[in-house]
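Chain and residue survey
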Amino acid sequence: MKRIVVYILSVLLLSPTLSAQLTIDDYCSSVEAYSLTLGRADAAVEGADAQLRRQRKGRLPSVVMRSDIDLVFRDKDNERQWSWNRRTEVNQTLYAGGGVRADIKRAELEYDIAEYSVEQAQRDVVYEAEQAYWELSRAEVYHEAIADYISIIRKLRDIVAHRFEEGYTSKNDLLQVESRMSDAEYQLSAAKQDYLLALHNFNVLRGVEPSHEVVLYNSILDSMVMPVRRNIDYLLSSHPEYAISKAEREVERWGIRSAGAKYLPSMDLSLYGFLQPNVPHRAGGGMHLDGGVVLSMNTPIFHFRERREAVREAESNYRISELNVESMVDKLSLMESNGWTNLQTIRSRIDASQRNLALAEENLSISTYAYGEGSVTILDVLQAQISWLQIYTNAIMARYDYALAVAAYRRITGDL
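Described in the following lines is the structure provided in the data block. Predicted, not measured: the structure shown is a model, and the values here were computed from it. Here the residue numbers are simple positions, counted from 1 along each chain's written sequence. Selection of residues for local features in this predicted model requires a pLDDT of at least 70, selection of side-chain atom pairs for listing and counting requires 80 or more, and totals for whole chains, interfaces and linings are taken over all residues. Remark: hydrogens and water are excluded; side-chain values derive from all non-hydrogen atoms of the structure.

Thoughts on the overall build of the chain
Runs of E in the DSSP output that reach at least two residues are strands. Runs of H or I that reach at least four are helices, and both are numbered from the N terminus. The helix and strand tally for the chain stands at 9 helices and 6 strands. Over its C-alpha atoms the chain spans a radius of gyration of 38 Å, topping by over 25% the 22 Å that the globule rule assigns to 416 residues. Dimensions of the chain, computed from the C-alpha atoms along their principal axes, are close to 135 × 45 × 40 Å. Summary of the burial criterion: residues with accessible area below 20% of their type's maximum are buried, those above 50% are exposed, and those between are partly exposed, where the area comes from a 1.4 Å probe applied to protein chains only. By the burial criterion, 36% of the 416 residues in the chain qualify as buried. For this analysis, residues touch if any pair of their heavy atoms sits within 4.5 Å. The long-range fraction of contacts in the chain, counting pairs at least 24 apart against all pairs at least 6 apart in sequence, stands at 81%. In short, Shrake-Rupley with a 1.4 Å probe defines the accessible areas, and a residue's cover is counted only from the protein chains shown. Within the structure as shown, the chain displays about 24200 Å² of accessible surface, and the carbon and sulfur contribution to it stands at 53%. Residues counted as positive are Lys and Arg, residues counted as negative are Asp and Glu, and His and the chain ends are not counted. Think of each charge as sitting on NZ of Lys, CZ of Arg, CG of Asp or CD of Glu. Across the chain, the centroid of the 47 positively charged side chains sits 10 Å from that of the 58 negatively charged ones. Throughout, radius of gyration means the C-alpha value; the globule benchmark is 2.2 Å times the number of residues raised to the power 0.38.

Pasting the structure below:
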C-alpha cells in the first residue's frame, strides 16, 4: 500500500514530464515507484519483521484456558451422570537448551537479509530502468540514422536521374540506386519496429500505457563521465549480496544450536487453577476452587544418536555457507574487474568509431561529388554509402554499449 501511494504521487509530480523531455533520473525514479519487484521485497521485509516479533514472544509466558465436560453412561447412586471442570494455566519456559534464543537470532538475521534484499532489488530495478532508457535512445538514434541514410540515397538518385536524362550514364545506374532505396526503406521499417518495441518496454516498466510517446532528455550520444573505480574492500563493505551471504552464514551457525537444543534438558514452570464441582458430583454438592505450581524438567536420555546426526547436518550447512561467503568475494572481484575492463575497452571503441565516422563522411562526400563529375562509378558511391552506414551503426552501438557498461558498473558499486 505504501509503495502504491508513492507511485501515485510520483506520477502526479512527473506528469508534466510525460509529455515533455524525460531525464534518466526522473525515469528511474518513476520505475522505482511503480516496481513490483521492490513491492515484493518490501512485503518480504514486513513478513520477516512479523516472524521476528513472533519469535521474540516465545520468551513470554502463555495463558491457556480449558473446559471439560464429562458424561458417563453408567448410573451411580445419588450422583449425576455428568460433571465439568474449568482449568486456567500460565506456562513459562525457563530453559530449552538455548533453542529459543537461537530461533530469535535466526529471525533477526532473516530480517537483515530481507532488508539487504530490498537494497539489491533497488540496484536491479535501477539497472533495468537504465537499460530500457538507453535501449530506447539507441533505437531512436538508429532510426534517425536510417532516415539520414535514405536522405543520402535520395540525393544520389536525383544526381543519377539528372545524368541519365542528360545521357551521361546508363539506366543500370538508376536501377541500382532504386534498389538501394528499396532496401533502405525496408531497414527503416525494421528500425521503426525496433523503436516501438523499445518504447513499449520503456513505458510498461513505469506503469504507463505502452504506446505513450516520450521525448528523451538524455541520449547515448551525450558525453558520459567515467565512473570512479572501487576496490574490493569498498565492495565488501557495501554490496548487499555479500552482506546477505554473511548473514546466511550466521543463520546456519545459529542453526547448529537450534538443531541440538531439542535434545537437551528443558525446564518449564506452570501455574494453574481450576474450578469444578465437589466429588461425588451431587445436586447441591457445591464447587471448589483449587490451584498449584508445577516445575517440570525433561531430560532426553537416548535417541539412537539422532542429536549427533542433526548437529552434523547443521554443521555441514554452516560449512557450505562459509564457502558461499568466500565464493561471493571472488564473484564480486570478478564482476568489478570485468565491469572496469568493459568500460575501458568500449571507451576506446568510441574514440575509434568517431575517427572512422569522420573519414567515412568525407569519403562519401568526395565519392558523391566525383560521381557527379563522372570520375567514379555508381558502385564506388554505393560502396561509400554502405561503409558510412556501417561505421555510423558501429558508432551508435559503441555509445550504447558504453552507456550499459556505465550502468552495469554502478550497479556493482552501488553508486546509483
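Past the structure itself, the notes keep going.
Quick word on the environment of Y272
If you trace the backbone, Y272 turns up in strand β5 (residues 266–277). Distance in space between the C-alpha atoms of Y272 and G292 is 5.5 Å, their sequence separation being 20 residues. Not counting residues up to four positions away in its chain, the partners in contact with Y272 are R87, T88, E89, D290, G291, G292, V293 and V294.

Let's talk about the nonpolar core
Judged by nonpolar contacts, the single largest core of 69 residues is most densely connected at Y27, W134, L136, L156, F202 and W388. Only α2 (24–34), α3 (36–56), α4 (99–166), α5 (171–205), α8 (306–372) and α9 (378–413) provide two or more residues apiece to this core. Top contributing element to this core by residue count: α4, with 20 residues. What is meant by a nonpolar core is a set of buried Ala, Val, Leu, Ile, Met, Phe, Trp, Tyr and Cys residues, joined one to another through side-chain atoms within 4.5 Å. Listed in part, the 7 residues of the second largest apolar core include I113, A247, V251 and W254.

Structural notes on the environment of L295
The topology assignment puts L295 in strand β6 (residues 287–298). For the pair L295 and L269, spaced 26 residues apart in sequence, the C-alpha separation works out to 4.7 Å. Ignoring sequence-local partners within four residues, the contact set of L295 consists of L94, M267, D268 and L269.

Observations concerning the sheet that holds strand β3 (residues 82–95)
At least two DSSP bridges between two strands are needed for those strands to be called paired. Spatially, 4 strands are ordered β2-β3-β5-β6 in an open sheet, and the strand pairing comes out antiparallel. Bordering the open sheet on either side are β2 (62–71) and β6, each of which pairs with just one other strand. The average angle at which neighbouring strand axes cross in this sheet is 20°, direction not considered. As paired elements, β2 and β3 share 10 bridges and run antiparallel to each other. Bridged to D68 within β3 is N85. Note on definitions: angles span 0 to 180 degrees between N-to-C directions of axes, and those axes are lines fitted to C-alpha atoms, for helices only across the stretch in contact.

A few points about the packing of aromatic side chains
A ring pair, where both rings are aromatic, is described by two values, the distance of the centres and the angle of the planes. Stacked, tilted and edge-to-face are the three classes assigned to paired rings of Phe, Tyr and Trp, where Trp is represented by its six-membered ring and a pair needs centres within 6.5 Å; plane angles under 30 degrees give stacked, over 60 edge-to-face, the rest tilted. All told, the structure shown has 9 aromatic pairs when counted by the stated rule. Taken together, a centroid distance of 5.9 Å and an interplanar angle of 45° make the contact between Y27 and Y133 tilted. Here the residue Y27 occupies a position in helix α2, and Y133 occupies one in helix α4, the gap between them amounting to 106 residues. Of the two residues, Y27 and Y133, neither departs from the other in class, the shared state being buried. With 4.7 Å between their ring centres and 55° between their planes, F302 and F304 make a pair best called tilted. Among the residues examined, F302 registers a relative accessible area of 55% and is labelled exposed. A relative accessible area of 71% means that F304 is categorised as exposed. Of the aromatic side chains, those joined through ring pairs into one cluster are Y27, Y133, W134 and F202. The rule for a charge over a ring is simple: NZ of Lys or CZ of Arg within 6 Å of the ring centre, and within 35 degrees of the ring normal. The ring of Y400 has R138 lying over it, and the distance from NZ or CZ to the ring centre is 5.6 Å.

Read these as geometric descriptors, not functional statements.
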